[in-house]
Amino acid sequence: FHRGYYIRARAVDHCIQDFLLKTQSHPRTQILSLGAGFDSLYFRLKDIGLLHHTVIYEVDFPSVACQKATLIKRMKELSALVGDTGGEELGVITFSGEDYKLLGVDLSELSELERALEEAGLDNGIPTLFIAEVVLTYMENSRSDALIQWAAEHFSQACFLLYEQMHPEDPFGRVMQQHFSQLNSVLHSLAQYPDCEAQQRRFFEKGWTECSVMDMNEFFTCCTPEDEQQRVQALEPFDEYEEWHLKCSHYFVLTASKGMEPSWTPLLSSMTVPHRDETVRMAGSITAAVCAMHSEISGLRRYGHHSVLIKPNVILTTGGFGEEDGQHCRMRNFHVLIKHAGYWKAGCVKKENPDKRWAERLYHTVSCLSNSLALVVGGRTSPSGAGLGMLWLKFPETCNASDPDDITVELVSLQPAAEPAALRWRHSTTEVIFKGEKYLFLYGGRSAMEPVLGDWYFLHAQELSCTVIPVEGPVPESRHSHSACSWKGGVLIAGGLGAAEQPLGSVFFLRELEHGFQWQTVETHPPLIPRYSHTAHVHDGKLLLVGGVWFHSSSVPGITVIDLMTGLCLDYTINVEHLEWPLMLHNHSSVFLPNEKELLLIGGGGNCFSFGTHLNPEPVSLSLSNILTSR
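This is a predicted model, so every value here is computed, not measured.

Things to note about the overall build of the chain
- Secondary structure summary: the chain contains 13 helices and 39 strands in total.
- For 631 residues, the compact-globule formula gives about 25 Å, and the C-alpha radius of gyration of the chain, at 28 Å, lands near that figure.
- Principal-axis analysis of the C-alpha atoms gives the chain an extent of 85 × 50 × 45 Å.
- Residues classed as buried in the chain amount to 57% of the 631 residues present.
- Here the chain displays about 25900 Å² of accessible surface, and carbon together with sulfur accounts for 49% of that area.
- The centroid of the 49 positive side-chain charges in the chain is displaced by 4 Å from the centroid of its 75 negative side-chain charges.

Written out as structure tokens, the structure reads:
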């Protein structure tokens, strides 16, 4: 929430101050805030001395304007900034000072708005900035279009600043739309103007000669100084990267102008990188289907968990945040999915020692070392509570693999020498082989002290002691929320979120040598689209990347297949037409069943900004036989 509202305010302030700077040589300028609500813009600008020759006009419904006028009159600090109002205001002008006019008018009534502004003294011959901050989308498109066109036609030197939602049809967008519909505040513009390109065309068609637009991920990256980015990132404990980036990919800032000399282009600053190509070429699609189930599975509605195949057709899911006993909480119970006779059956695992502290962790790893033993590494409760270490999960050697109720687990705490290596989360733990011995390669992640880690440890699989094994080659950039897969005795690392909170598109292979290991870069063509919070599997020389978050807001990640022999990288969409709910593929887990070439997606989702929490309600099955057929 804090970051989401910060970036909105940052974008608006950036554009307004740029307008004031670029027009400071003009004797008079004006700003017209449409649907201003209780915005404090005037008072902030006045207080820091930026309104030398600028008048601010604010317009909102009469009831809102009257409430705001009453508040201003009651507060001496605000009244003093406005100055002498010259007595009681009448009609649509609810409050008036020398450089501040507050009007109560319905924006959708354009002729009434025009009369009110003329009465208040708005001058259509001087540089004018129009601000519409999440306002026009609540109006019928015909009325908001008319307002945009009126501003272009009636003002000789005009600028427009628009901040709104976009991308209504992807999973996050569907949750966002549902939220506003439930509030009876339909977002009208989304259907006709669903993305940046459509909004840009809209303004050109309505008479504006210059128009730039970018989503808020691009604005934060390109128009926010690096030192300011670092300041914001260090303000408070933070671990909601997926929600932050998804929120930013569903809001845009647009600036348009006409008649301005020089052109007003606040989104094309010296920091701006070339606009990224938003088109992702897809090689095909894969149809998603809800798993055929024999039992209720409410315990699998979660995110930040981990799922692992502990026996053939037996999947254990642990940890995460989700829904348990009718409440949202960190998950205490372990769950299993068992496939029998073509159907999946879900159940809650019995803990033989339920008092043993599981710590209800998120973003941990679970590595299955045998049919009866798995190792939990790291994880967190909160971003400042990450000292959770390691834990053995012990299963009976023999159990009925067709009945979830027959599976039990014993928790055994560990205090090995390798404990400091485990005080992290969003890391990876992958099995590697060195000189015939099995090791766990613990890599990356983040900790309570470091927002991103690039170190690694080799844990001997039996002793769980840290072993020093030489590693040569170019060291990968530090990262967390990446994927890691065992392959040919080594490990494949793909994607992740880097130190600058930017998704990474690199793929590395840590391969075994006679005397140690070596990092090698895996070249892909076309280049892999940077992403994080995905899962990954290797099958028959192909690396499968599943879901995740990327900055290409025109689409969401589906399945990416990288041929490890040729480097060919193909993206596939996931066809969700048979699902009755949005499928959010971040913070999920996935298990690949190689014999069936079936991919099982478990959980995923999260908090969708202020729009509510969405957790994928059921496991989803993807048949990958078509895309994994040898060519």
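A closer look at the side chain of H482
- Inspection of the secondary structure assignment puts H482 in the loop between β26 (471-472) and β27 (483-487).
- Only 2.8 Å separates the side chain of H482 from the side chain of S428, close enough to count as a polar contact.
- Sequence-distant contacts of H482, that is, excluding residues within four places in its chain, are made with R426, H427, S428, Y443, G444, G445, I493, A494, G495, G496 and H534.

What about the packing of helix α1 (residues 2-22) against helix α11 (residues 226-233)?
- Remark: α1 packs on α11, axes separated minimally by 12 Å, with the N-to-C direction vectors making an angle of 155°. Classified by the angle their axes make, α1 and α11 are roughly antiparallel. Crossing geometry of α1 relative to α11 is assigned as right-handed. Contacts from R3, Y6 and R10 in α1 reach E228, R231, V232 and Q233 in α11.
- Across the contact of α1 with α11, the residue classes tally to two nonpolar, one polar and four charged.

A look at the pairing of strand β35 (residues 589-593)
- A large share of β35 lies buried, amounting to five of its five residues.
- By the alternation rule, side chains of β35 split into S589, V591 and L593 and S590 and F592, which are all buried.
- Sheet topology note: the β35/strand β36 (residues 598-602) ladder contains five bridges and is antiparallel. Bridged to V591 within β36 is L600.
- The hairpin turn running from β35 into β36, its antiparallel successor, is four residues long, and K597 in that turn takes a positive phi close to 50°.

Brief notes about the domain arrangement of the chain
- Per the domain assignment, the segments of the chain are domain 1 (1-258) and domain 2 (282-628).
- With centres defined by C-alpha atoms, the gap from domain 1 to domain 2 works out at 43 Å.
- The interface of domain 1 with domain 2 comprises 30 residues on the first partner and 33 residues on the second.
- Around 2800 Å² of area is buried between domain 1 and domain 2 when both sides are counted, 59% of it from carbon and sulfur atoms.
- Sorting the residues of domain 1 by area buried against domain 2 places D239, Y241 and E242 first, and these three jointly supply 23% of that buried surface.
- Counting the contacts that link domain 1 with domain 2 gives five salt bridges.
- The residue R380 makes a salt bridge to D239 at a minimum N-O spacing of 2.7 Å.
- If you look at where domain 1 meets domain 2, you find 15 residue pairs in polar contact (both at pLDDT 80 or more).
- When residues of the side of domain 1 that touches domain 2 are traced back to their parent elements, those giving at least two are α1, α7 (171-182), α10 (216-222) and α12 (241-249).
- The element contributing the most residues to the side of domain 1 that touches domain 2 is α12, with eight residues.
- Split by residue class, the side of domain 1 that touches domain 2 holds 14 nonpolar, eight polar and eight charged.

A short note on the environment of A536
- With respect to the element layout, A536 can be found in strand β31 (residues 535-539).
- Put simply, A536 and V314 are 222 residues apart on the chain and 19 Å apart in space, counted from C-alpha to C-alpha.
- With residues up to four places along the chain from it excluded, the contact list for A536 reads S483, C485, L543, L544 and L545.

Section: the side chain of D239
- In this fold, D239 is placed in the loop between α11 and α12.
- On the accessibility criterion, D239 (2% relative accessible area) is buried.

Some points on the pairing of β27
- Only one face of β27 is covered, namely the face carrying S483, C485 and W487; the face carrying A484 and S486 is uncovered.
- Sheet topology places β27 next to strand β28 (residues 490-494); five bridges connect them, and they run antiparallel. Bridge pairing in β28 links W487 to G490.

Here we look at the nonpolar core
- Core analysis: the biggest nonpolar cluster contains 58 residues, and I16, L129, M216, F219, V253 and F611 have the highest contact counts within it.
- Tallying contributions element by element places α1 first for this core, with eight residues.
- Counting contributing residues, this core receives three or more from each of domain 1 (1-258) and domain 2 (282-628).
- Apart from the residues lying within four places of it in its own chain, the contact partners of I16 are I31, L41, L45, L129, I131 and L161.
- Ranked by size, the runner-up nonpolar core spans 37 residues in total, among them Y57, V135, F160 and C211.

A closer look at α1
- For α1, spanning 21 residues, the distance from its first C-alpha to its last is 30 Å, which sits close to the expected 30 Å at 1.5 Å a residue.
- Of the residues making up α1, those classed as buried are R3, G4, Y6, I7, A11, V12, C15, I16, D18, F19 and L20.

Structural notes on the sheet that holds strand β7 (residues 210-215)
- Taking strand neighbours across the sheet as the criterion, the eight strands line up as β3-β4-β2-β1-β5-β6-β8-β7 in an open arrangement whose pairing is mixed. Looking at which strands have only one partner, the edges of the open sheet turn out to be β3 (93-96) and β7. With strand direction ignored, the average angle separating the axes of adjacent strands in the sheet is 15°.
- Here strand β1 (residues 29-34) pairs with strand β5 (residues 128-133) via five bridges, running parallel. Residue S33 lies in a different strand from β5, and its bridge partner there is I131.
- Contacts from helix α9 (residues 196-205) reach β6 (158-165), β7 and β8 (251-258), with the element oriented near 160° to β7.

Section: the state of the cysteines
- All told, the structure shown has zero disulfides when counted by the stated rule.
- Not engaged in a disulfide, the cysteine C196 finds its nearest cysteine sulfur in C211; these two sulfurs lie 9.7 Å apart.
- Free of any disulfide, C223 has its nearest neighbouring cysteine sulfur in C222, separated by 6.1 Å.
- Given a relative accessible area of 1%, C223 falls into the buried group.

A closer look at the sheet that holds β35
- If you trace the eight strands from one edge of the open sheet to the other, you get β31-β32-β33-β34-β9-β39-β36-β35, paired in mixed fashion. Both outer strands of the open sheet, β31 and β35, are each paired with one neighbouring strand and no more. Going from strand to strand, the sheet's axes swing by 25° on average, the running direction of each strand aside.

Cut-off values and rules
- Numbering of residues begins from 1 in every chain and follows the order in which that chain's sequence is written.
- For a predicted model such as this one, the threshold for reporting local features is a pLDDT of at least 70, and the threshold for listing and counting side-chain atom pairs is 80 or more; totals across whole chains, interfaces and linings nevertheless cover every residue.
- Water and hydrogen atoms were dropped before computing side-chain values, which therefore reflect all heavy atoms in the structure.
- Put simply, DSSP marks the helices as runs of H or I at least four residues long and the strands as runs of E at least two long, and each gets a number from the N terminus on.
- Note that the radius of gyration is over C-alpha atoms, with the globule rule given as 2.2 Å times the number of residues to the power 0.38.
- Residue burial is assigned from relative accessible area. The probe radius is 1.4 Å, only protein chains are included, and a residue is buried under 20% of its type maximum, exposed over 50%, and partly exposed in between.
- Under the convention used here, a 1.4 Å probe and the Shrake-Rupley method define accessible areas, while residue burial counts only the protein chains that appear.
- Residues scored as positive are Lys and Arg, those scored as negative are Asp and Glu, and His as well as the terminal groups of each chain are ignored.
- In this description, the location of a charge corresponds to atom NZ of lysine, CZ of arginine, CG of aspartate or CD of glutamate.
- Counted as a polar contact is a pair of N or O atoms within 3.5 Å, where, for protein atoms, one must be capable of donating a hydrogen and the other of accepting one, and residues adjacent in sequence contribute only when both atoms are in side chains.
- Contacts: residue pairs with any heavy atoms within 4.5 Å of one another.
- Note on geometry: axes are C-alpha line fits, over the in-contact stretch for helices, and angles between N-to-C directions span 0 to 180 degrees.
- In what follows, roughly perpendicular refers to angles from 65 to 115 degrees, roughly parallel to angles under 35, roughly antiparallel to angles over 145, and oblique to any angle outside these ranges.
- When the near helix sits turned anticlockwise from the far one by under a right angle, the crossing is termed left-handed; a clockwise turn instead gives a right-handed crossing.
- Under the scheme applied here, ten amino acids are nonpolar (Ala, Val, Leu, Ile, Met, Phe, Trp, Tyr, Cys and Pro), four are charged (Asp, Glu, Lys and Arg), and all others, including Gly, are polar.
- Strand pairing is assigned whenever DSSP detects at least two bridges linking the two strands.
- Here the limits of each domain have been adopted from an automatic or database domain assignment.
- As used here, buried area is the combined drop in accessible area, with a 1.4 Å probe, of two parts when they are placed together.
- A pair is scored as a salt bridge if a Lys or Arg side-chain nitrogen falls within 4 Å of a carboxyl oxygen belonging to Asp or Glu.
- Here, the term nonpolar core denotes a set of buried Ala, Val, Leu, Ile, Met, Phe, Trp, Tyr and Cys residues that are joined through side-chain atoms within 4.5 Å.
- Here the expected span of a helix is defined as 1.5 Å times the quantity of residues minus one.
- Working definition: a disulfide is two cysteine sulfur atoms within 2.5 Å of each other.

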